[in-house]
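Commentary on secondary and tertiary structure
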Amino acid sequence: MKKTVCIAMAVLAMAGGGVAYAVSGTAQDRPAATATAQKQTTFAIENMTCATCPITVKKAMEGVAGVTAVTVDFAAKTARATYNPRRTNAAAIAAASTNAGYPRALFKTERGAASASRKR
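Residues numbered from 1 in each chain as written. Predicted model: local features only at pLDDT ≥ 70, side-chain atom pairs only at ≥ 80, totals over all residues. Heavy atoms only, no water.

1. Focus: the environment of Y102
- Along the chain, the position of Y102 falls in the loop between α3 (90-99) and β4 (104-110).
- Excluding its chain neighbours within four sequence positions, the residues that come into contact with Y102 are I45, E46, N47, M48, C53, T56, V57 and S97. (Helix = DSSP H or I, 4+ residues; strand = E, 2+ residues; numbered from the N terminus. Contact = heavy atoms within 4.5 Å.)

As structure tokens, then:
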């Protein structure tokens, strides 16, 4: 019984210390809570002829710093990249596709979900 009580007290002591640190930490210690608006750009991808082509395009585009998601549609020959416009731009993502051997053409660019709903 004493052992169980000691373990419970130790757990509570550690949890309390963690809460005190989280409350007393400075703003520099905490990650920024600001959300950056993401952009989505759809690219027309030329020369995709086999099932491995979309994988290559996706890996090339995901390799660009600031890209958070890429979806490739083999049938439509398009790729849609979601990215942080503060870290990269559509031209850099398109260049990655071209450097991988798949020339691209810019299809359309959209801001994050909030501004996309305003366009409708």
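On we go.
2. Examining the packing of aromatic side chains
- Applying the stated criterion to the full structure yields zero aromatic pairs.
- Geometry around F74 places K77 over its ring, the cationic atom sitting 5.0 Å from the centre. (Phe/Tyr/Trp six-rings, centres within 6.5 Å; stacked < 30°, edge-to-face > 60°. Lys NZ or Arg CZ within 6 Å of the ring centre and 35° of its normal.)

3. What about helix α2 (residues 53-62)?
- All buried positions along α2 are accounted for by C53, P54, V57 and M61. One side of α2 holds all its buried residues, which, seen down the axis, span an arc of 95°.
- Residues of α2 that are buried sit in contact with β1 (39-45), β2 (67-73), β3 (78-83) and α3. (Buried < 20%, exposed > 50% of the residue type's maximum accessible area, 1.4 Å probe, protein only. Arc of directions from axis to C-beta.)

4. So, the confidence of the model for the protein
- For the protein, the average pLDDT comes to 75, and 59% of its residues sit at 70 or higher.
- Mean pLDDT per element in the protein: helix α4 (residues 113-119) is the minimum at 35, and β2 is the maximum at 96.
- Confidence over residues 19-31 falls short of pLDDT 50; this stretch has three contacts with residues more than four positions distant or in other chains.
- Predicted confidence for residues 113-120 stays below pLDDT 50, and this span has four contacts to residues more than four positions away or in other chains. (pLDDT = per-residue confidence, 0-100.)

5. Focus: the pairing of β2
- Sheet topology places β2 next to β3; six bridges connect them, and they run antiparallel. From the neighbouring strand, V70 faces β3, where its bridge partner is A81.
- Once β2 ends, the chain turns through four residues before running back antiparallel as β3, passing K77 with a positive phi of about 55°. (Pairing = 2+ DSSP bridges.)

6. Looking at the state of the cysteines
- Counted under the stated rule, the structure contains zero disulfides.
- Of all cysteine sulfurs in the structure, the one in C53 sits closest to C50, which takes part in no disulfide; the separation is 3.4 Å. (Disulfide = S-S within 2.5 Å.)

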